[in-house]
Amino acid sequence: SQTIHQWPATLVQPVGSPLSLECTVEGTSNPNLYWYRQAAGRGLQLLFYSVGIGQISSEVPQNLSASRPQDRQFILSSKKLLLSDSGFYLCAWSTDGLAGLYNEQFFGPGTRLTVL
Amino acid sequence: AQSVAQPEDQVNVAEGNPLTVKCTYSVSGNPYLFWYVQYPNRGLQFLLKYITGDNLVKGSYGFEAEFNKSQTSFHLKKPSALVSDSALYFCAVSDHQAGTALIFGKGTTLSVSS
């Protein structure tokens, strides 16, 4: 069966510090991968998605970036955090290719980021 | 552009009563619709989806949803609510224009009282 992991579960960082959140998927190959941010317990905002290694599409041109160094690894980064980066970050995966259009996404447990 | 609206921020029902959480959509092309549930500080869990076929879709935990093309709606329903159903519910539509990404509604908090 497939499993998705995210870490850390919680993170408190000062403004201006760097960020690295990691997501890994087990039990599937060539998944589509996604990073979402959820503010104040509502409204998921798609940040990045990836259909393959090194292929990243950005939906939010801010101070965040994403990378996919391996097939089932997705990393969210920032060089300098802003207060507005606080939120609940969710990683998700779906079946690869156009089938992902019809198939549900599976979410990780999330990372609660607080920027002070 | 694809979009999803959940007109109610909160729905309150008594345990044992039927519940409905509303969702309307706007898409160009065929709508691929999903419902997810989120418990506090947890990731989203998939409940059900409509791709094609029967307008009444059955999903996990006794939930079902009715696809209505003329009203562009995809309301989530359950015949008898449980206190444990209390959570945040999201409707989503597949974004044909952004690959396979999902566009989520704002979410509806369901509160079931005993």
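The coordinates are above.
Residues numbered from 1 in each chain as written. Chains lettered and ligands numbered in written order. Predicted model: local features only at pLDDT ≥ 70, side-chain atom pairs only at ≥ 80, totals over all residues. Heavy atoms only, no water.

Colleague: Give a detailed account of the overall build of chain B, specifying residues and quantitative values.
Modeller: A tally of helices and strands in chain B yields zero helices and twelve strands. Ordered by position from N to C terminus, the α and β elements of chain B give β-β-β-β-β-β-β-β-β-β-β-β. For a compact globule of 114 residues, the expected C-alpha radius of gyration is about 13 Å, and chain B comes in at 14 Å, within 12% of that figure. With respect to the principal axes defined by its C-alpha atoms, chain B has extents near 45 × 30 × 20 Å. Accessible area of chain B: about 5100 Å², with a carbon and sulfur share of 48%. With 8 positive and 8 negative side-chain charges, chain B shows a separation of 3 Å between the mean positions of the two kinds. (Helix = DSSP H or I, 4+ residues; strand = E, 2+ residues; numbered from the N terminus. Rg over C-alpha atoms; globule rule 2.2 N^0.38 Å. Areas by Shrake-Rupley, 256 points an atom, 1.4 Å probe, with all protein chains shown as cover. Lys, Arg positive; Asp, Glu negative; His and termini not counted. Charge placed at Lys NZ, Arg CZ, Asp CG, Glu CD.)

Colleague: Just give me the short version of the overall build of chain A, but keep the residues and values in it.
Modeller: Counting its regular elements, chain A contains zero helices and eleven strands. Order of helices (α) and strands (β) in chain A, N terminus to C terminus: β-β-β-β-β-β-β-β-β-β-β. For 116 residues, the compact-globule estimate of 2.2 N^0.38 gives 13 Å, and the C-alpha radius of gyration of chain A, at 14 Å, lies within 12% of that figure. Of the contacts formed within chain A by residues at least 6 apart in sequence, a portion of 57% connects residues at least 24 apart. Carbon together with sulfur atoms contributes 56% to the accessible area of chain A, which is approximately 5200 Å² in total. Averaging the positions of the 7 positive and the 7 negative side-chain charges in chain A gives two centres separated by 11 Å. (Contact = heavy atoms within 4.5 Å.)

Colleague: Residue-level account of the pattern of salt bridges, with values.
Modeller: Scanning the entire structure with this criterion turns up six salt bridges over all chains. Of the charged contacts, one joins Asp-71 of chain A and Arg-68 of chain A as a salt bridge, the two residues approaching to 3.3 Å between their closest N and O atoms. Residue Arg-68 of chain A is classed as buried on the basis of its relative accessible area of 3%. In this structure, the salt-bridge partner of Glu-66 of chain B is Lys-77 of chain B, at a minimum N-O distance of 3.2 Å. Taken together, the residues span a long stretch of sequence, with Glu-66 of chain B in strand 8 (residues 64-68) and Lys-77 of chain B in strand 9 (residues 73-78) at a distance of eleven residues. In this structure Lys-77 of chain B comes out as partly exposed when scored by relative accessible area, which is 27%. (Salt bridge = Lys/Arg side-chain N within 4 Å of Asp/Glu carboxyl O. Buried < 20%, exposed > 50% of the residue type's maximum accessible area, 1.4 Å probe, protein only.)

Colleague: Lay out the environment of Asn-12 of chain B with the relevant residues and their values.
Modeller: In this fold, Asn-12 of chain B is placed in strand 2 (residues 10-14). For the pair formed by Asn-12 of chain B and Asn-68 of chain B, sequence separation is 56 residues and the distance between their alpha carbons is 24 Å.

Colleague: Provide a residue-level description of the state of the cysteines, including the pertinent values.
Modeller: Enumeration over the complete set of coordinates arrives at two disulfides over all chains. Here Cys-23 of chain A connects covalently by a disulfide to Cys-91 of chain A, the sulfurs 2.0 Å from one another. Taking the torsion about the S-S bond as the criterion, the Cys-23 of chain A to Cys-91 of chain A disulfide, at about -75 degrees, is left-handed. One end of the pair, Cys-23 of chain A, is in strand 3 (residues 19-26); the other, Cys-91 of chain A, is in strand 9 (residues 87-94), and 68 residues separate them in sequence. For Cys-23 of chain B, the disulfide goes to Cys-91 of chain B, at an S-S distance of 2.0 Å. Here the S-S torsion is close to -60 degrees, and the disulfide linking Cys-23 of chain B with Cys-91 of chain B is therefore left-handed. Taken together, the residues span a long stretch of sequence, with Cys-23 of chain B in the loop between strand 3 (19-21) and strand 4 (24-26) and Cys-91 of chain B in strand 10 (residues 87-94) at a distance of 68 residues. Per residue, the accessibility class of Cys-23 of chain B equals that of Cys-91 of chain B, and both read buried. (Disulfide = S-S within 2.5 Å.)

Colleague: Go over the sheet that holds strand 1 (residues 3-7) of chain A with me, naming the residues and quoting the values.
Modeller: Residue and element names in this part refer to chain A. Strand order in the open sheet formed by four strands is 1-3-8-7, with antiparallel pairing between adjacent strands. Edge positions in the sheet fall to strand 1 and strand 7 (64-70), since each has one partner strand and no second. The average undirected angle you get between the axes of adjacent strands in this sheet is 20 degrees. Pairing geometry for strand 3 and strand 8 (residues 73-78), over six bridges, is antiparallel. Bridge pairing links Leu-19 to Ser-78 in strand 8. (Pairing = 2+ DSSP bridges. Axes fitted to C-alpha atoms, helices over the stretch in contact; angles between N-to-C directions.)

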